[in-house]
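An overview of the molecular structure
This is what each chain is made of:
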Amino acid sequence: TPTHTRLPCPADCNGDTSVGVDELLTAITIALGNAPLGVCPAAACAETPPVTVDSLRGAVGAALTSCP
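Residues numbered from 1 in each chain as written. Predicted model: local features only at pLDDT ≥ 70, side-chain atom pairs only at ≥ 80, totals over all residues. Heavy atoms only, no water.

**Focus on the environment of Val 39**
Along the polypeptide, Val 39 turns up in the loop between α1 (21-31) and α2 (53-65). Using a relative accessible area of 49% as the deciding quantity, one classes Val 39 as partly exposed. (Helix = DSSP H or I, 4+ residues; strand = E, 2+ residues; numbered from the N terminus. Buried < 20%, exposed > 50% of the residue type's maximum accessible area, 1.4 Å probe, protein only.)

See below:
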């Protein structure tokens, strides 16, 4: 059974410790199956895919309140 390990900054595709609108859109695109996870591995809230609603919720939270 896979374990869910939260990443420090969900959907921080470029590693700059912030999540922008473009990164949120990328995460949504991956979740919808229109792009591979390799485009932004940080979009998944765990070390194993898929991008889930929880992943997207974490990404939006990071975009609104900043990354830890």
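**Observations concerning the packing of α1 against α2**
Any two packed helices are characterised by the angle at which their axes cross and by the distance between the axes. The contact between α1 and α2 brings their axes to 10 Å, and the two run at 175 degrees. Of the possible angle classes, the one that applies to α1 and α2 is roughly antiparallel. In this structure, α1 uses Leu 24, Ala 27, Ile 28 and Ala 31 to contact α2, whose residues at the interface are Leu 56, Ala 59, Val 60 and Ala 63. Looking at side-chain class alone, the contact of α1 with α2 contains 8 nonpolar, no polar and no charged residues. (Axes fitted to C-alpha atoms, helices over the stretch in contact; angles between N-to-C directions. Parallel < 35°, antiparallel > 145°, perpendicular 65-115°, else oblique. Contact = heavy atoms within 4.5 Å. Nonpolar A, V, L, I, M, F, W, Y, C, P; charged D, E, K, R; others polar.)

**Section: the pattern of salt bridges**
For the coordinates displayed, the defined rule picks out 1 salt bridge. Residues Arg 57 and Asp 54 are paired through a salt bridge, measuring 2.8 Å at the closest nitrogen-oxygen approach. One end of the pair, Arg 57, and the other, Asp 54, are both in helix α2, 3 residues apart, so they sit about a helical turn from each other. (Salt bridge = Lys/Arg side-chain N within 4 Å of Asp/Glu carboxyl O.)

**A short note on the nonpolar core**
Within the largest apolar cluster, 14 residues are counted, with the highest numbers of intra-cluster contacts made by Val 19 and Ala 43. Going through the elements one at a time, α1 and α2 are the ones with two or more residues in this core. Looking at which element gives the most residues to this core, the answer is α1, with 3 residues. (Core = buried A, V, L, I, M, F, W, Y, C linked by side-chain atoms within 4.5 Å.)

**Considering the state of the cysteines**
By the definition in use, this model includes 2 disulfides. Taken in sequence order, the bonded cysteines of the protein link in the pattern 1-4, 2-3. (Disulfide = S-S within 2.5 Å.)

Shape descriptors only; they carry no functional weight alone.
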